[in-house]
Amino acid sequence: MGDSSLATQQYWVDDSRTFDTINPKWLVIHKTAGFHTLAELGSYFQTNTAMVTSHYGVGLEGEIAQFVHENRGACANCCLSSGHAAFLPDDGRNFNNWSISIEHIDPATDNSTTVPDAQQQASFALIKDICQRNNIPMRYGDANGGIIFHHDLDPVTRSRCPGNYPYDALWAYLDNGGNDMANTDGWPDKWNDDGKTLTAPNGGKVGGGFRQYIYHNPWDNDDYPITDEIHLDQIEQNNPDLGGGNVQYFRKSRLQWAPKHPEMGCFKGWVGKELKFVMDKSASDAANDKAEDTKDAANVDTLNKEIASLKAQLNAAQPPAGNNNPVVSDAMKNNVRQLGTVFNQLSQEVGL
Ligand SMILES: [Zn+2]
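Residues numbered from 1 in each chain as written. Predicted model: local features only at pLDDT ≥ 70, side-chain atom pairs only at ≥ 80, totals over all residues.

**Q** Sorry, what's going on with the environment of valine 58 here?
**A** Here valine 58 is to be found in strand β3 (residues 56-58). For valine 58 and asparagine 77, which are 19 residues apart along the polypeptide, the C-alpha to C-alpha distance reads 17 Å. (Helix = DSSP H or I, 4+ residues; strand = E, 2+ residues; numbered from the N terminus.)

**Q** How should the pairing of strand β5 (residues 99-104) be read in this particular structure?
**A** The side chains of a regular strand alternate, first on one face of the sheet and then on the other. Counting buried positions over the six residues of β5 gives six, a clear majority of the element. Neither face of β5 is exposed, since Ser99, Ser101 and Glu103 on one face and Ile100, Ile102 and His104 on the opposite face are all buried. Where strand β2 (residues 26-29) meets β5, four bridges bridge the pair, whose relative direction is parallel. In the sheet register, valine 28 faces β5, and the bridge partner there is serine 101. (Buried ≥ 20, exposed ≤ 12 C-beta atoms within 10 Å, placed from the backbone. Pairing = 2+ DSSP bridges.)

**Q** Explain the pairing of β2 here, please?
**A** A two-sided burial pattern is seen for β2, the buried positions comprising Trp26 and Val28 on one face and Leu27 and Ile29 on the other. Taken together, the four bridges between β2 and strand β6 (residues 146-149) define a ladder with parallel strand orientation. Bridge pairing in β6 places tryptophan 26 opposite glycine 146.

**Q** Explanation requested: the sheet that holds strand β11 (residues 245-249) in the structure shown.
**A** Paired through backbone hydrogen bonds, the strands of a sheet run either parallel or antiparallel to each other. An order of β10-β11-β12-β13 is seen for the four strands of this open sheet, with the pairing classed as antiparallel. The outermost strands of the open sheet, each flanked by one partner alone, are β10 (230-232) and β13 (266-268). Each strand of the sheet is rotated relative to its neighbour by a mean of 35 degrees, with strand direction disregarded. As judged from the three bridges shared by β10 and β11, these two strands associate in the antiparallel manner. Paired with histidine 231 across the two strands is asparagine 246, which belongs to β11. (Axes fitted to C-alpha atoms, helices over the stretch in contact; angles between N-to-C directions.)

**Q** Help me out: how do you make sense of the nonpolar core in this one?
**A** The tendency in soluble globular proteins is for nonpolar side chains to be buried as a group. Membership of the largest hydrophobic core comes to 32 residues, with the highest contact counts inside it found for Leu27, Val58, Leu126 and Ile130. Mapped onto this core, the elements with two or more residues apiece are β2, α1 (38-47), β3, β4 (64-66), β5, α2 (117-134) and β6. The biggest single contributor to this core is α2, with five residues. Ignoring sequence-local partners within four residues, the contact set of isoleucine 130 consists of Ser4, Leu27, Ile100 and Ile136. Core analysis: the second largest hydrophobic core is formed by 11 residues, Phe210, Ile214, Ile235 and Ala258 among them. (Core = buried A, V, L, I, M, F, W, Y, C linked by C-beta atoms within 7 Å. Contact = placed C-beta atoms within 7 Å.)

**Q** Would you mind showing me how to read the domain arrangement of the protein chain here?
**A** Interface size is often expressed as the accessible area that is lost when the parts come together. The domains assigned to the protein chain are domain 1 (1-183), domain 2 (185-269) and domain 3 (280-349). Centre-to-centre separation of domain 1 and domain 3, based on C-alpha positions: 76 Å. (Domains from an automatic or database assignment.)

**Q** Hey, could you run me through the sheet that holds strand β7 (residues 192-193) in this one?
**A** Here we have three strands laid out as an open sheet, ordered β7-β8-β9, and antiparallel in their pairing. Pairing within the sheet leaves two strands with one partner each, and these edge strands are β7 and β9 (205-206). Bridge count for β7 against strand β8 (residues 198-199) is two bridges, and the pairing is antiparallel. Bridging across to β8, aspartate 193 finds its partner in leucine 198.

**Q** Looking at this structure, I do not really get the environment of isoleucine 29. What am I missing?
**A** Looking at the element boundaries, isoleucine 29 is found in strand β2. Since 22 C-beta atoms lie within 10 Å of it, isoleucine 29 is described here as buried. Distance from isoleucine 29 to aspartate 152, taken between C-alpha atoms, is 9.9 Å for residues 123 residues apart in sequence.

**Q** In this structure, what is going on with the environment of valine 336? I would like to understand it.
**A** Inspection of the secondary structure assignment puts valine 336 in helix α7 (residues 326-349). On the basis of neighbour count, valine 336 is assigned to the partly exposed category, with 15 C-beta atoms found within 10 Å. Placed 271 residues apart in sequence, valine 336 and alanine 65 show a C-alpha to C-alpha distance of 100 Å. Among all residues touching valine 336, those that are not within four sequence positions of it are Leu314 and Ala317.

Spelled out as structure tokens, the structure:
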């Protein structure tokens, strides 16, 4: 408990705007969707009629402000909406009593601004500090707590909160114990960049936003491209909402760009989830094909039996040798012709 010494600005909101009870298990990350400064945000928290507040705010230049003490509940999250992260307990609780919230200034109303380096470093340091003092697990949340994002709670109205945020870089930072704030910018070892195109040791090439992504995020040296950037009408089979866009396959991952969701920027797809969906579908398609084949085989069998029976009738219908009775002979010829026509039709159906 206590408050973070990293906050150098304070815009306290009145206690009447906050909750008495707090037992912080989750740290919730937000973006402001439209503010420029922490002073503006503080003034809004002190006066807005909806009583919205957060504990902390991180500015674009890495400055940190506090608005609500950590021993009070801020009003940033409230309740779950349908489609929320499955691990969050759906027991009607007010999540403001169970969380500490950090806002990040983003002037864009769709939270699409790339987090500047200074803001990123301050955000990561603040997250580490809050987690350590409150015993919040320093990893993506689960039922026992951790770091979550507003869209985990409310994917219906807050799907773009926090929007463009350096998720992968945060996990890399925390995986590293938050000890090394080394700038992760740079090209993977032994890859070559000519200022426009990045070439991997296997000769694979990466350009545009995907090249930028690799520069700004941790990237395995051996995660070579195995295709060019290609267009897909549906990026993820398991998530139709993403819509169409561009992807590029790498040995271990897939980079994706969904024009329908510009706030996501270029991002790594959840390839395990997608692979499982596609494998399950492929298994189910194969089972259906097999059932269809069994049915076809049964039909062919029935037709073959009919043909055999007709052949037998044809043989039986041959006029006895030396029979010169023209009446009997014509009737027999007619029968033979009719049976022959049916035989031909059936033969075509089963492809004899
Ligand atoms: Zn939010």
